[in-house]
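Spelled out from the first residue to the last, the chains are:
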Amino acid sequence: MRLPDPQYAEDVSLERAIRGRRTIRSYGGKALSLRQVSQLLWSAQGITEPGGLKRAAPSAGALYPMDIYAVVGAGCVEGLDAGIYHYKPEDHTISPLRQGDIRRDVADACLWQTWMAQAPLNLVITSEYGRITGKYGQRGIRYAMIEAGHIGQNIFLQAQALGLAAGIVGAFDDEKLIRVIGITKTHEPLLVMPVGYER
Ligand SMILES: Cc1cc2nc3c(=O)[nH]c(=O)nc-3n(C[C@H](O)[C@H](O)[C@H](O)COP(=O)(O)O)c2cc1C
């Protein structure tokens, strides 16, 4: 599914977004629009040069070892069924990976952080180290983890600019989360970021 084109004109200044950013652990039930989801995914890994490959977050050697998966709850995003979607930056599309509302399973895999299941959207950031260790060896793993941090901050600030709130979660059972999302074991989850309206 092609996502709405990203917009570049929110009224919130960068400084306000940085000042306002907090890890939020309480979300209301209000659904997100597809445009908001599009914008969040674009801020995480969107292509930011016309006709080029370079993305919203920096990547060592421009090798882009990261993937973003959107976990959407039932009735939580206008125009999207509950399920897990994979984001493809090259054409700014998402494709379904699994159906159903699995937010509780995700929260359980994150050491029973049940607050995460309230968020309409959870963005899972994974890395496939093989895409970067070919060039950088073991050091590529460090680079991928640093890249995850950049992506996470972009999501935080984009959420702020959209009037949304986000959280960040690094405490999870890797194997369990991989199983719940249904990705291959070559992808290591590094962060999960719940996003929604703050309650
Ligand atoms: C790598 C990383 C992992 C984190 N993991 C969790 C987590 O599993 N659960 C949680 O509630 N907060 C988690 N946090 C959020 C921190 O607790 C939070 O950033 C810190 O308390 C500072 O608050 P602030 O983000 O609101 O400024 C994590 C933060 C980072 C950077």
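Everything that follows concerns the structure shown earlier in this document.
Here's a quick rundown of the structure. (Residues numbered from 1 in each chain as written. Predicted model: local features only at pLDDT ≥ 70, side-chain atom pairs only at ≥ 80, totals over all residues. Heavy atoms only, no water.)

## A closer look at the site of the ligand
Taken together, R21, R22, T23, R25, Q113, W115, I168, V169, G170 and A171 make up all the residues around the ligand. Between the ligand and the protein, one listed contact pairs an oxygen atom with a side-chain N or O atom of R21 at 2.8 Å. R22 is positioned with one of its side-chain polar atoms (N or O) 3.3 Å from an oxygen atom of the ligand. A total of 620 Å² of accessible area belongs to the ligand in isolation, and the protein chains cover 54% of it. (Near = heavy atom within 4 Å. Polar contact = N/O pair within 3.5 Å; in protein donor to acceptor, adjacent residues only side chain to side chain. Areas by Shrake-Rupley, 256 points an atom, 1.4 Å probe, with all protein chains shown as cover.)

## Structural notes on the pairing of strand β3 (residues 93-99)
Two elements, strand β2 (residues 83-88) and β3, share six bridges in a ladder whose sense is antiparallel. The residue bridging Y87 from the neighbouring strand is I94, located in β3. In textbook terms, the turn of a hairpin is the stretch between consecutive antiparallel strands, and for β2 and β3 this stretch comprises four residues, one of which, H92, has a positive phi near 50 degrees. (Pairing = 2+ DSSP bridges. Helix = DSSP H or I, 4+ residues; strand = E, 2+ residues; numbered from the N terminus.)

## Digging into the packing of aromatic side chains
Within the structure shown, the criterion is met by two aromatic pairs. Aromatic pair Y8 and W42: ring centres 5.4 Å apart, planes at 65 degrees, arrangement edge-to-face. Remark: W42 occurs in helix α2 (residues 34-45) and Y8 occurs in the segment before α1 (14-20); sequence separation between them is 34 residues. For Y8, a relative accessible area of 65% puts it in the exposed group. W42 sits in the buried class, given a relative accessible area of 15%. Here the aromatic rings of Y136 and Y143 are separated by 5.0 Å at their centres, their planes lie at 85 degrees, and the arrangement is edge-to-face. (Phe/Tyr/Trp six-rings, centres within 6.5 Å; stacked < 30°, edge-to-face > 60°. Buried < 20%, exposed > 50% of the residue type's maximum accessible area, 1.4 Å probe, protein only.)

## As for α2
The end-to-end C-alpha distance of α2 is 16 Å, a good match for the 16 Å that twelve residues give at a rise of 1.5 Å each. Within α2, eleven of the twelve residues are buried, which leaves the element mostly enclosed by the surrounding structure. Restricting attention to buried positions, one finds in α2 the residues L34, Q36, V37, S38, Q39, L40, L41, W42, S43, A44 and Q45. Close packing links the buried residues of α2 with β1 (66-72), β2, β3, β4 (121-127), α5 (139-161) and β6 (188-196). (Expected span 1.5 Å × (residues − 1). Contact = heavy atoms within 4.5 Å.)

## Observations concerning the nonpolar core
Counting residues in hydrophobic clusters, the biggest one holds 34 residues, and the most contacted among them are L40, L121, L123, I125, I155 and V195. Elements with a minimum of two residues in this core: α2, β1, β2, β4, α5 and β6. The element best represented in this core is α5, accounting for six residues. With sequence-adjacent residues up to four places away left out, I125 is seen in contact with M66, D67, I68, A148, I151, G152, I155, E188, P189, L190, L191 and M193. (Core = buried A, V, L, I, M, F, W, Y, C linked by side-chain atoms within 4.5 Å.)

## Brief notes about the pairing of β2
Counted residue by residue, β2 has five buried out of six residues, so it is predominantly covered. Both β1 and β2 contribute to a ladder of four bridges, which runs antiparallel. Within the sheet, the bridge partner assigned to V72 lies in β2 and is G83.

Note that all results are geometric; they support no functional claim without further evidence.
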